[in-house]
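Working through the structure, step by step
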Amino acid sequence: MTDEFEDALALANGRGAGGGVGGSGGPAATVVGGGGVEELRGPHHGRAHGHRPARDGQGSGPPPWVAAREARRSPVHHPDDEAVSWDAARRAAHRTARPLPVVQQPLDRALGHTLAGPLTALTDLPAFDTSAMDGWAVAGPGPWHLTADPGVLAGRDDPAPLSDGLAVPIATGARIPPGTTAVLRSERGTVAAGQLRGPNPTPGADVRPRGQECRSGAELLPAGTPVTPAVLGLAAAAGYDELPVAPRPRVEVLVLGDELLHKGLPTGGRIRDAIGPMAGPWLTALGADVLVTRRLGDDAEALYEAVTSSRADLIVTTGGTASGPVDHVHPVLTRVAARLVVDGVAVRPGHPMLLAELPSGTPLVGLPGNPLAAVSGLLTLAAPLLAGLAGRGPGLDRTAGLLEDITGHPRNTRLVPVDFAEPGRVRPLHYAGPAMLRGIAAASALAVVPPGGAQTGGVVRLLELPRL
């Protein structure tokens, strides 16, 4: 039985093709006639904060809300009749992003941003010959007579030169006196009656020569590198007080759905919102600054107001991306004359995700309402989009071997939670349905399973999960 037939049967029976809560179902069906290609999306595009059955779907013919939706077809819908492939959707998301304007940030505020240009050394590293160890700077072979100098400490700029047969105590990081042939480590020497004895060190031993790490003008890191604590340390060592960076994109999260509870136990047919609490932190881990998470319910006017008044660099909605009677994302995008870049992706879970560009140029990512489907949308569309806004490349996927078979979809990519059972090899986890978070909460990554599945011993691509 084809997905299209199952979808048609589900529509006639007034239920979602996936059955139960939040089935993501099959791809869009198409009708080709004299007027061209018309898109017909079955109820598998039904709402996923908890799938709602078609209220008027009994009997022959589609329910009135389907006819009403078809009547309001508009240019915001994707020009293709089939959902785009998962890889193509990721590329489109990255390509759609317009990098944010470069800003100068002092080092103490640059963490988490992205280098807007190459990090080039402003000085030699080290800037002069330095001692790599505590001990003695020695000249020539031993034994050595100690000079009257009590010792050379880090920060001293004018150590006296050494002649052959002389030695002076020296601290790690201190400037090497002229004439020094090596540093004798403190644990290898003994001093008696003003004389230092110990094994003759190899010339240059425990001396860090000027420019050992880099010369002035050398490129240390390329543009697009995320600014980590280590990058801050390198930049400081290389002479920087501030960095030109692409800022962290500002994101606003809009949680849709009257059926959602935001505290307490599910009751009265309502369910707890699982996406709202995780979307903001997940976006933060992906490199965004989340301005606010707003709970709008199923209010078309509130959604329109939020979309048109937002000053964020990216808007993320949760739920409402389907074609149900209270799914308002598509109608609002039509109303604001948005350009729909991606309208459905050939991936399970998460098929009804979307990416639109508002007239202002601000992108909007619409996540399905099922929790794992929303995670799929975050990693498929939001992650490459945020990378593009920050001036970063889309990144490279890791790979790993499979310890167990993973069943595939006949035509769509599957994203399956996996865990590293041993180095370089993963096993699929249970509880990986579109409405489930138990699997992803225990996962190390998501396996990208091609249509048809993947076999034990084969290699799969991995999407690493962001960590705070």
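No experiment lies behind these values; they were computed from the predicted model shown.

**Some thoughts on the confidence of the model for the chain**
For the chain, per-residue confidence averages 84 on the pLDDT scale, and 82% of positions sit at 70 or higher. Counting contacts from residues 1-81, a segment whose pLDDT is below 50, to residues more than four positions away or on other chains yields 162 contacts.

**What about the pairing of strand 27 (residues 413-422)?**
One ladder, built from two bridges, connects strand 23 (residues 345-348) with strand 27; its direction is parallel. Its bridge partner being in strand 27, Val-347 is matched across the sheet by Thr-413. The sheet contact formed by strand 27 and strand 29 (residues 445-449) spans five bridges and is antiparallel. Across the sheet, residue Pro-417 finds its bridge partner in strand 29, namely Leu-446. Two successive antiparallel strands, strand 27 and strand 28 (residues 425-428), enclose a turn made up of two residues, where Gly-424 displays a positive phi of approximately 80 degrees.

**Some details on helix 3 (residues 86-96)**
Taken together, the buried positions of helix 3 are occupied by Trp-86, Ala-89, Arg-90, Ala-92, Ala-93 and Thr-96. The arc enclosing the buried residues of helix 3, seen along the axis, measures out at 160 degrees, which places them on a common side. Residues of helix 3 that are exposed and point over 90 degrees away from its buried face: Arg-91 and Arg-95.

**Description of the pattern of salt bridges**
A complete count under the given rule lists 16 salt bridges for this structure. In this structure, Arg-425 engages Glu-422 in a salt bridge whose closest nitrogen and oxygen atoms are separated by 3.2 Å. Residue classification places Arg-425 among the partly exposed positions, given a relative accessible area of 33%. Salt bridges linked by common partners bring Arg-98, Arg-339 and Glu-357 together as one network.

**Comments concerning the packing of helix 5 (residues 275-285) against helix 8 (residues 371-389)**
Between helix 5 and helix 8, the least distance of the axes is 11 Å, while the angle of their chain directions is 25 degrees. Considered as vectors, helix 5 and helix 8 are oriented roughly parallel to each other. Read as a crossing pair, helix 5 and helix 8 show a hand that is right-handed. Residues Ile-275, Met-278, Trp-282 and Leu-283 of helix 5 form the contact with helix 8, whose own contacting residues are Pro-371, Ala-374, Val-375, Leu-378, Leu-379, Ala-382 and Leu-386.

**Some details on the sheet that holds strand 20 (residues 289-295)**
By way of backbone hydrogen bonds, the strands of a sheet pair with one another, either parallel or antiparallel. Judged by pairing direction, the sheet is mixed, and its six strands sit side by side in the order 20-17-21-25-24-22 without closing on themselves. In this open sheet, the two edge strands, each paired with only one partner strand, are strand 20 and strand 22 (339-343). Pairwise comparison of adjacent strand axes, ignoring direction, gives a mean angle of 20 degrees for this sheet. With four bridges connecting them, strand 22 and strand 24 (residues 354-357) associate as antiparallel partners. Considered in strand 24, the bridge of Arg-339 is made with Glu-357. Together, strand 17 (250-255), strand 20, strand 21 (314-318) and strand 25 (363-367) form the strand contacts of helix 6 (residues 300-309), whose direction differs from that of strand 17 by roughly 175 degrees.

Procedures and definitions
- Residues numbered from 1 in each chain as written.
- Predicted model: local features only at pLDDT ≥ 70, side-chain atom pairs only at ≥ 80, totals over all residues.
- Heavy atoms only, no water.
- pLDDT = per-residue confidence, 0-100.
- Contact = heavy atoms within 4.5 Å.
- Pairing = 2+ DSSP bridges.
- Helix = DSSP H or I, 4+ residues; strand = E, 2+ residues; numbered from the N terminus.
- Buried < 20%, exposed > 50% of the residue type's maximum accessible area, 1.4 Å probe, protein only.
- Arc of directions from axis to C-beta.
- Salt bridge = Lys/Arg side-chain N within 4 Å of Asp/Glu carboxyl O.
- Axes fitted to C-alpha atoms, helices over the stretch in contact; angles between N-to-C directions.
- Parallel < 35°, antiparallel > 145°, perpendicular 65-115°, else oblique.
- Left-handed = near helix turned anticlockwise from the far one by under 90°.

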